[in-house]
Amino acid sequence: MLLSRIFTKLSPVHQGLGRFYHSGKGSAPRILITGGLGQLGTECAKLLRSHFGKESVILSDIIKPSPAIVDSGPYIFADILDFKGLQRIVVDNRIDWLIHFSALLSAIGEQNVPLAVRVNIEGVHNVIELAKQYKLRIFVPSTIGAFGPDSPRNPTPNVTIQRPRTIYGVSKVHAELIGEYYYHKFGLDFRCLRFPGVISSDAPGGGTTDYAVSIFYDALKTGHFQCYLRPDTRLPMIHIEDCLRALLEFMTTPQENLKRRAYNVTAMSFTPEELVAEVAKYVPELRVTYKPDSRQLIADSWPQVFDDSEARTDWAWQPKYNMQELVEMMVHDVKKMLMKNGQLQMSV
């Protein structure tokens, strides 16, 4: 369902690129995805495999995979802190593209700063150097968390002061800058998208924007949701389908069309109270309480509205889903998951 919805939304230009690879006129890239068992990795692998072929995309992580992951396509153990191990993987599997998802998210990173430094900064050093050495096209996602309280918040342009105040944000600015440096110094094909909060039916994973996922689980399971942000906290968001489609379109854009190495992308901005009002259309008995915690300070330093006009101009980025459509899809998808697990209690 997810893949079919994404492909119907691809622009004619990028649909044509898919036909180009499958027609034999060009060879499909061999792709390694690190941190592949996180929120984006498995769905990204499905999308890229459907586009370039099952055996062309290798999913990797340090976590033991489920049988379903193993059955879905190539999976290997890869520790991003082991440079020689990564070298062996790239050489043995003839990797062309490296998509680097390994990272500790904002709230989790604040709880263990030394580990976040190792994973988010040392890990990036390893994959960037690896990409330079083997002439790989490399994608490293960034985030709204790469901006700070001194940045313009409404809207936040593509190029502006950043100065984040979380180790997650600091590490992402570092990744952006070192990637651009390697591009200018060594000609590395480095690409980066700054994502807003990514909303999917996967269980929340510790990010500051994950309230926008938790609400669907709590609303459908118990009818009560406690939000850790104030009701008026506006943040940019995107549905995972738009997020992955942006990644695919960006990665298949010819390098000469790109004026920058890092682009903002977004789809919408809303507050918890606006989201609650929309979810309540499907769960009228929904009760919500607000109890801001340390994540409120993080959210207060982030953009409220993202300006992604440069991505729209340079490589024709265009989101497809608005807030109403997002909520409808999330209610449907989370309800389906809860029913499968026998956890659905609310009637929708």
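Residues numbered from 1 in each chain as written. Predicted model: local features only at pLDDT ≥ 70, side-chain atom pairs only at ≥ 80, totals over all residues. Heavy atoms only, no water.

Asker: Which parts of the structure should I look at to understand the overall build of the protein?
Answerer: Helix and strand counts for the protein stand at 14 helices and 13 strands. Whereas a compact globule of 348 residues would reach a radius of gyration of roughly 20 Å, the protein reaches 20 Å, a difference of no more than 12%. If one aligns the C-alpha atoms of the protein with their principal axes, the spans along those axes are about 55 × 45 × 40 Å. Out of the 348 residues in the protein, the part that is buried amounts to 55%. For the protein, the proportion of contacts with a sequence separation of at least 24, taken over those separated by at least 6, is 77%. Accessible surface, the protein: about 14,900 Å² in total, of which carbon and sulfur atoms supply 53%. Looking at the protein, you have 39 positive and 36 negative side-chain charges, and the mean spots of the two groups are 4 Å apart. (Helix = DSSP H or I, 4+ residues; strand = E, 2+ residues; numbered from the N terminus. Rg over C-alpha atoms; globule rule 2.2 N^0.38 Å. Buried < 20%, exposed > 50% of the residue type's maximum accessible area, 1.4 Å probe, protein only. Contact = heavy atoms within 4.5 Å. Areas by Shrake-Rupley, 256 points an atom, 1.4 Å probe, with all protein chains shown as cover. Lys, Arg positive; Asp, Glu negative; His and termini not counted. Charge placed at Lys NZ, Arg CZ, Asp CG, Glu CD.)

Asker: Help me understand the packing of helix α7 (residues 113-134) against helix α8 (residues 167-186) in this model?
Answerer: Between two packed helices, what matters for the description is the angle formed by their axes and the separation of those axes. Closest axis-to-axis distance for the α7/α8 pair is 10 Å, and the angle between their directions is 15°. With respect to α8, the element α7 is oriented roughly parallel. Of the two possible hands of crossing, α7 and α8 adopt the one that is right-handed. Contact residues: Val 113, Ala 116, Val 117, Asn 120, Ile 121, Val 124, His 125, Ile 128, Glu 129 and Lys 132 in α7; Ile 167, Tyr 168, Ser 171, His 174, Ala 175, Ile 178, Gly 179, Tyr 182 and Phe 186 in α8. (Axes fitted to C-alpha atoms, helices over the stretch in contact; angles between N-to-C directions. Parallel < 35°, antiparallel > 145°, perpendicular 65-115°, else oblique. Left-handed = near helix turned anticlockwise from the far one by under 90°.)

Asker: What's the story with the sheet that holds strand β10 (residues 235-239) in this structure? I'm lost.
Answerer: Hydrogen bonds between backbone atoms are what pair the strands of a sheet, whose relative direction is either parallel or antiparallel. Strand order in this open sheet of 3 strands is β8-β10-β12, and the pairing throughout is mixed. Only two strands of the sheet have a single partner each, and these edge strands are β8 (197-199) and β12 (268-270). Between one strand axis and the next, the sheet turns by 45° as a mean value, whatever way the strands run. Bridge count between β10 and β12: 3 bridges; the pairing is antiparallel. Residue Pro 236 lies in a different strand from β12, and its bridge partner there is Ser 269. On top of the sheet, helix α14 (residues 323-340) reaches β8, β10 and β12; it is set at about 55° to β10, its chief contact. (Pairing = 2+ DSSP bridges.)

Asker: Is there a simple way to think about the packing of aromatic side chains in this case?
Answerer: Two numbers describe a pair of aromatic rings. These are the distance of the centres and the angle of the planes. Applying the stated criterion to the full structure yields 12 aromatic pairs. Between the aromatic rings of Phe 147 and Phe 306, the centroid separation amounts to 5.8 Å while the plane-to-plane angle is 90°, which identifies the pairing as edge-to-face. Here Phe 147, found in the loop between β6 (142-143) and α8, pairs with Phe 306, found in the loop between α12 (294-300) and α13 (309-315); they are 159 residues apart in sequence, far enough to count as distant. For the pair shown, Phe 147 and Phe 306 are each scored as buried. Each ring, one from Phe 250 and one from Trp 315, has its centre 5.1 Å from the other, and the planes form 40°; the classification is tilted. A residue pair is termed long-range when its members are at least 10 positions apart, and Phe 250 in helix α10 (residues 240-251) and Trp 315 in helix α13 qualify at 65 residues. Take Phe 250 and Trp 315: they sit in the same class, and that class is buried. (Phe/Tyr/Trp six-rings, centres within 6.5 Å; stacked < 30°, edge-to-face > 60°.)

Asker: Explain the nonpolar core here, please?
Answerer: The tendency in soluble globular proteins is for nonpolar side chains to be buried side by side. Core analysis: the largest hydrophobic core is formed by 70 residues, its most contacted members being Ile 33, Tyr 211, Phe 216, Leu 275 and Trp 315. Judged by nonpolar contacts, the second largest core, of 23 residues, contains Val 90, Val 127, Ala 131 and Ile 178. (Core = buried A, V, L, I, M, F, W, Y, C linked by side-chain atoms within 4.5 Å.)

Asker: What exactly am I supposed to notice about the environment of Pro 204 here?
Answerer: By secondary structure assignment, the location of Pro 204 is in the loop between β8 and α9 (211-221). Counting along the chain gives 76 residues from Pro 204 to Ala 280, while the straight-line C-alpha distance between them is 20 Å.

Asker: Please explain the pattern of salt bridges as it appears in this structure.
Answerer: Think of it this way: side chains of opposite charge can pair up when their charged atoms draw near. Counting across every chain of the model gives 17 salt bridges. Lys 132 is paired through a salt bridge with Glu 129; the nearest N and O atoms lie 3.3 Å apart. Here Lys 132 pairs with Glu 129, and both are found in helix α7, just 3 residues apart, close to one helical turn. (Salt bridge = Lys/Arg side-chain N within 4 Å of Asp/Glu carboxyl O.)

Asker: I keep staring at α10 and nothing clicks. Help me out?
Answerer: An α-helical turn contains 3.6 residues, so any two residues separated by three or four positions project in the same direction. When the terminal C-alpha atoms of α10 are compared, their 16 Å separation across 12 residues agrees well with the 16 Å that a helix rising 1.5 Å per residue should span. Every buried residue belonging to α10 is among Ile 240, Glu 241, Asp 242, Cys 243, Leu 244, Arg 245, Ala 246, Leu 247, Leu 248, Glu 249, Phe 250 and Met 251, and all of these are buried. (Expected span 1.5 Å × (residues − 1).)

Asker: Would you mind going over the confidence of the model for the protein with me for this structure?
Answerer: Residues with a pLDDT of 70 or more make up 91% of the protein, whose mean pLDDT is 92. Within the model, the stretch residues 18-25 combines pLDDT values under 50 with 14 contacts to residues more than four positions away or in other chains. (pLDDT = per-residue confidence, 0-100.)

Asker: Just to check I follow, could you spell out unusual backbone geometry for this structure?
Answerer: If a residue is not glycine, its phi is most likely negative; likewise, a peptide bond is most likely trans. A cis amide bond, omega 0°, links Asn 154 with the succeeding residue Pro 155. One non-glycine residue, Arg 94, lies in the positive phi region at around 55°. The residue Arg 94 is located in the loop between α5 (83-92) and β4 (97-100) in this model. Even without being a glycine, Lys 135 presents a positive backbone phi close to 55°. If you trace the backbone, Lys 135 turns up in the loop between α7 and β5 (137-139). Relative accessible area serves as the criterion here: at 75%, Lys 135 is assigned to the exposed category.

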